[in-house]
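Residue-level structure breakdown
Next come the chains, spelled out residue by residue.
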Amino acid sequence: MKLELRGVTKRFGSFTANDRISLTVEPGEIHALLGENGAGKSTLMNTIYGLYSPDEGEILLDDQGVSFNGPGDAVDAGIGMVHQHFMLIPVFTVTESVALGYEPTRAAGIMDMAQARAKVLEISARFGFDVDPDARIEDLPVGAQQRVEIIKALSRDAKVLILDEPTAVLTPQETDELITIMGQLRDSGTSIVFITHKLREVRAVADRITVIRRGAVVGETSPQSTETELAGLMVGREVNLTTAKEPADPGEVCFEVRGLTVLNSADKVVVDHVDFQMRRGEILVIAGVDGNGQSELAQTVLGLRTPVAGSILLDDKDLAPLSVKQRLAAGLGFVPEDRSTDGVIGAFTITENYVLDMYDRPPYAGGPGNVALRLPVMREAAQTQAERFDVRMGGVDDPISTLSGGNQQKVVLAREMSRDLRLFVASQPTRGLDVGSIEFVHRTIIEERDKGTPCLIVSTELDEALNLADRIAVMYRGRIVGIVPASTSRDVLGLMMAGVPADEAQAQAATHHTVLAEADEQAEAEENK
Amino acid sequence: MSEQTVSTAAVQTDPLKRASTGVRPISWKYPITYAVLAALSVLFALTVPEGARTHFRLSSGGDFFQIPIVELPSRPAGWISAVVLVVLAGFAFWQASRRAQARLWLPLLFGVLFVFAFLVWAGADRGAVIPLVTMLTGALALSVPLIFGAMCGLVGERSGVINIAIEAQLLAGAFLAAVAASVFTSAYMGLVFAPIAGALVGALLVFFSVKYQVNQIIVGVVLNVLIIGLTGFLFSTALTQNPELWNARQQLPRLPIPGLSQIPIIGPVLFNQTILVYLMYLIVGLLNIFLFRSRWGLRTRAVGEHPKAADTVGIKVNRMRVYNVILAGAIAGLGGAFFTIGQGLAFGKEMSAGAGFIALAAMILGRWHPIGALLAALLFGFSTSLGNVLATIGTPVPSEALLMLPYVITIFAVAGFVGRVRPPAANGTPYVK
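Description of helix α2 (residues 29–47) of chain B
Residue and element names in this part refer to chain B. In this model α2 runs 27 Å from its N-terminal to its C-terminal C-alpha over 19 residues, within 8% of the 27 Å that 1.5 Å per residue would give. Every buried residue belonging to α2 is among Pro-31, Tyr-34, Ala-38, Ser-41, Phe-44 and Ala-45, and all of these are buried. Along the axis of α2, the buried residues cluster in a sector spanning 130°; they form a single face. Tucked inside the fold, the buried residues of α2 contact α3 (74–97) and α4 (105–123).

Written out as structure tokens, the structure is:
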């Protein structure tokens with residue numbers, strides 16, 4: 001089916017998320033929609049899927065104008081969508097998830113589970129998916145969950161399939177499988193809209209590429225364009241895809257985690273006997289697919305979670321008996337993974353957010369027992385730091401929620417790095433940021449490293465890990481599969497992210513290249529030309 | 001640096017082979033609870049006087065089979081049950097040490113035996129007979145509003161709306177049932193109007209919590225106060241001035257089911273009841289099927305777990321919630337009718353007396369599952385009934401202590417003693433697109 005957008009505009013208040021976007025997806029075509037975080041890709045797709053209604057413009061399917069009152073209408077018209085955050089219910093089985101909304105029923109609304117199950121099996125057989133229809137969603141790895149989402153769309157006869165950042169949660173090998181699936185679907189006549197901000201993938205799979213920036217289409221191009229061209233189009237200026245950094249000059253061991261084991265609230269082991277050491281002046285990135293215990297590990301280091309076993313030693317001092325506040329005082333800097341809920345308080349001003357963990361001590365507090373806040377001192381310090389960290393803002397008295405994600409993150413970094421650090425921990429420091437902010441955050445972290453601070457970075461983005469790390473520790477199901485040098489190939493890391501030990505991964509990767517790794521080599525060859 | 005990389009990597013590959021279950025701490029709380037109760041039963045057996053006897057009555061006046069009063073030698077009976085309880089407690093320890101999954105039969109068997117041991121001790125040489133059937137009938141009667149209330153709560157919460165106003169719905173149902181039955185001089189008319197009263201309260205709850213996204217707990221609390229005040233006001237004005245018209249007693253007749261009601265002990269307890277109790281069996285049974293096997297149930301659970309996911313497959317989330325909360329209100333309203341026409345009583349101020357809150361606890365203890373909530377409500381009803389019976393026959397423990405039992409159980413239940421309870425993920429969260 002042919003999907004065409006003509007001048008689609010969507011506004012939220014005074015903010016124009018989509019500005020007169022026109023685009024055509026031909027039948028049997030993989031059309032990539034490339035744009036930075038916040039460029040308006042997801043808004044556009046939610047508009048096509050009927051979750052939002054456009055303020056202007058029209059959507060045409062096979063040259064017929066359509067308007068949707070909700071996702072139900074879009075699905076009936078043959079549009080299927082795999083959301084970036086899966087729309088699956090963790091406690092449901094695969095069959096229940098696929099049937100939901102389109103349940104085959106017998107008398108009195110009792111579900112015909114046999115028929116629903118047969119449909120799941122039929123579709124998974126058709127595309128060679130290995131999905132157990134009776135498995136619970138929460139027990140499945142993300143790759144399998146994504147296949148369930150695809151089965152869901154196909155079970156409703158989707159002729160246009162929208163994939164919103166489908167590779168964000170996958171290992172390179174899983175991405176490879178997804179690319180194969182996309183090829184199969186295209187060959188069977190499905191039109192695919194592939195939304196991403198990853199240049200490499202776009203070039204590997206797309207037939208055509210539309211680039212959007214700040215809500216507007218800035219160009220349509222072919223996958224033959226080089227990565228640098230695409231990046232320039234996407235960001236609107238020349239960008240350095242990798243951050244230049246000197247090789248690490250590691251000093252003595254100063255941070256050590258031994259046999260650390262952590263349970264979650266449901267008493268499941270989420271961090272399982274983790275051991276590692278860090279030296280002064282090095283960046284260790286904890287890589288792995290989201291949800292393999294990395295976040296919990298970082299939280300445990302800060303003291304938000306209490307381990308059931310193991311120890312955390314900073315400068316030979318056990319952190320276990322210390323409260324979060326004492327740990328911060330001991331020289332720990334921490335950037336939490338969810339900026340909006342854990343990093344800043346949206347309704348507080350930039351100044352207030354800047355002093356969140358220092359307000360009760362000089363120079364920001366004074367008087368007997370430090371009861372009085374010295375507001376002018378705070379404002380001045382916030383002002384100075386904001387300038388140093390290049391925070392784009394109206395003024396330090398504005399609520400921090402008025403800033404963009406990238407600028408909020410800069411405030412968080414400014415706060416955490418304003419103290420003398422003995423250890424810097426950051427969880428997903430660039431999640432959801434635009435390219436410019438990502439560059440800035442990376443540069444700042446490397447500067448901190450060069451000052452001699454060991455930096456422990458949790459990242460699910462393999463690109464970020466490869467770019468930033470001196471060493472990479474890969475976590476899988478709560479365990480560290482291996483710690484490898486940053487020069488390790490993408491394929492090996494991908495296998496390790498699926499739980500294959502390092503040496504075995506080396507051997508396997510030597511015999512099988514993923515599409516992305518090949519694209520990587522090709523890009524390198526082009527650069528060298 | 002590279003040297004260290006290699007050595008750490010070597011250490012790291014080994015945990016993959018290590019069993020991860022070894023680190024999970026064993027939960028001893030159940031075995032310890034069993035052990036304490038078993039020790040108590042030993043204490044009971046030790047303190048029974050030599051040669052004492054305990055009498056149980058296993059039938060009541062109108063039963064088809066009249067069973068003679070059973071007389072048990074207290075001490076041997078106490079010792080036998082104590083020994084079995086100790087063995088069961090030991091078994092629980094053994095199971096826990098093997099990290100075996102807990103099974104439902106153990107607490108059930110343990111509970112029944114412990115109650116038996118307690119009754120043997122409490123009734124030893126009291127000269128009074130322990131009226132078992134009366135006690136069970138009382139237990140069911142006390143449970144009926146709780147069961148209706150718990151079903152109401154779980155239908156609402158399964159679809160994502162917290163309902164603190166069950167108390168108000170029970171009370172409204174009791175009130176309107178009494179008034180309607182009185183005005184039409186027919187108890188069955190009360191059954192028609194009671195669900196309407198509950199549904200109206202449900203409609204108010206859902207109107208504020210879904211349409212205006214007011215905090216659901218606050219709306220619930222306010223509704224409780226509103227209905228208590230409203231029914232109290234009407235009671236002390238209209239109902240008191242002209243009780244013959246507005247508040248005359250009407251009772252639903254008992255409809256013994258032929259055959260089933262003649263089974264000894266359980267027959268008269270379960271199958272010599274009013275239509276309201278039979279409706280309750282039906283509602284629990286239907287909910288148990290429909291919640292897990294029907295289109296309605298699947299959508300209801302989806303809306304309560306992940307409303308956005310439900311929305312993306314074309315389910316009208318808020319409409320679903322509105323319907324379900326009103327339906328749930330009707331169920332609770334019906335349950336409220338038990339206070340008045342179900343027992344042949346006139347309406348009295350605040351006669352639901354906190355049953356709605358206990359129903360809420362039963363729902364949590366029953367883990368949002370119809371059968372679980374049913375069992376929990378029965379447990380609460382039984383412990384109250386036990387307290388009542390013991391108060392009349394006189395026991396070594398003050399009966400007030402026993403009447404506290406449901407509330408003590410509630411606190412433990414809500415504090416998560418029964419294991420990790422997982423409420424519907426979107427419970428209490430308004431859905432805004």
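There is more to say, and it comes next.
Details of helix α14 (residues 405–416) of chain A
Residue pairs three or four apart in sequence face the same way in an α-helix, which turns once every 3.6 residues. All names here are of chain A. In a regular helix each residue adds 1.5 Å, so twelve residues correspond to 16 Å; α14 covers 17 Å between its end C-alpha atoms and thus fits that length. For α14, the tally of buried residues reaches eleven of twelve residues, placing the bulk of the element in the interior. On its buried face, α14 is in contact with β16 (332–335), α11 (339–343), α12 (350–354), α13 (375–388), β19 (423–427) and α15 (435–450).

Some words on empty space enclosed by the protein
Residues and elements named next belong to chain A. Within the structure shown, the criterion is met by seven cavities of 30 Å³ or more. Its volume calculated, the largest cavity comes out at about 170 Å³. Every residue lining the largest cavity is counted, 16 residues in all, and those nearest its centre are Leu-170, Lys-198, Glu-201, Leu-462 and Arg-490. Of the residues belonging to the lining of the largest cavity, the class tally is six nonpolar, four polar and six charged. Roughly 90 Å³ of internal volume is contained in the second largest cavity. What lines the second largest cavity is a set of 13 residues, and nearest its centre among them are Tyr-49, Met-81, Lys-152, Ala-153 and Arg-156. Elements with a contribution of two residues or more to the lining of the second largest cavity: β6 (79–82) and α5 (142–155). Tallied by class, the residues present in the lining of the second largest cavity amount to seven nonpolar, three polar and three charged.

Digging into the layout of surface pockets
All names here are of chain A. The computed volume of the second largest pocket comes to approximately 440 Å³. The wall of the second largest pocket is formed by 21 residues, among which Leu-302, Leu-304, Phe-334, Pro-336 and Asp-342 lie closest to the centre. Elements represented by at least two residues in the lining of the second largest pocket include exactly α9 (294–302), α10 (324–329), α11 and α14. Among the elements that take part in the lining of the second largest pocket, α9 stands out by supplying four residues, more than any other. Across the lining of the second largest pocket, the residue classes tally to nine nonpolar, four polar and eight charged. Each of domain 2 (241–331 + 420–487) and domain 3 (345–418) gives at least three residues to the lining of the second largest pocket.

Regarding the nonpolar core
Residues and elements named next belong to chain B. Phe-148, Met-151, Leu-276, Ile-341, Phe-347 and Phe-380 are the most contacted members of the largest nonpolar core, which totals 72 residues. Elements with a minimum of two residues in this core: α5 (132–158), α6 (166–183), α7 (187–211), α8 (216–241), α11 (275–293), α14 (317–336), α15 (355–365) and α16 (370–393). Tallying contributions element by element places α6 first for this core, with eleven residues. The residues contacting Phe-347, other than those within four sequence positions of it, are Leu-171, Ala-174, Phe-175, Ala-178, Thr-231, Phe-235, Leu-239, Asn-247 and Thr-340.

Overview of the packing of aromatic side chains
Residues and elements named next belong to chain B. Counting across every chain of the model gives 20 aromatic pairs over all chains. Ring geometry for Phe-44 and Trp-121: centres 4.5 Å apart, planes at 20°, overall stacked. One end of the pair, Phe-44, is in helix α2; the other, Trp-121, is in helix α4, and 77 residues separate them in sequence. Residue Phe-44 is classed as buried on the basis of its relative accessible area, which comes to 7%. For Trp-121, a relative accessible area of 16% gives the class buried. Arranged with centres 5.8 Å apart and planes meeting at 35°, the rings of Phe-91 and Trp-105 form a pair that is tilted.

Definitions and cut-offs
- Residues numbered from 1 in each chain as written.
- Chains lettered and ligands numbered in written order.
- Predicted model: local features only at pLDDT ≥ 70, side-chain atom pairs only at ≥ 80, totals over all residues.
- Heavy atoms only, no water.
- Helix = DSSP H or I, 4+ residues; strand = E, 2+ residues; numbered from the N terminus.
- Expected span 1.5 Å × (residues − 1).
- Buried < 20%, exposed > 50% of the residue type's maximum accessible area, 1.4 Å probe, protein only.
- Arc of directions from axis to C-beta.
- Contact = heavy atoms within 4.5 Å.
- 1 Å grid on protein atoms, 1.4 Å probe; cavity = no way out; pocket = protein on both sides within 12 Å on 5 of 7 lines; lining within 4 Å.
- Points joined across faces, edges and corners; volume = space filled by probe spheres on them.
- Nonpolar A, V, L, I, M, F, W, Y, C, P; charged D, E, K, R; others polar.
- Domains from an automatic or database assignment.
- Core = buried A, V, L, I, M, F, W, Y, C linked by side-chain atoms within 4.5 Å.
- Phe/Tyr/Trp six-rings, centres within 6.5 Å; stacked < 30°, edge-to-face > 60°.

Taken by themselves, the reported measurements are silent on function.
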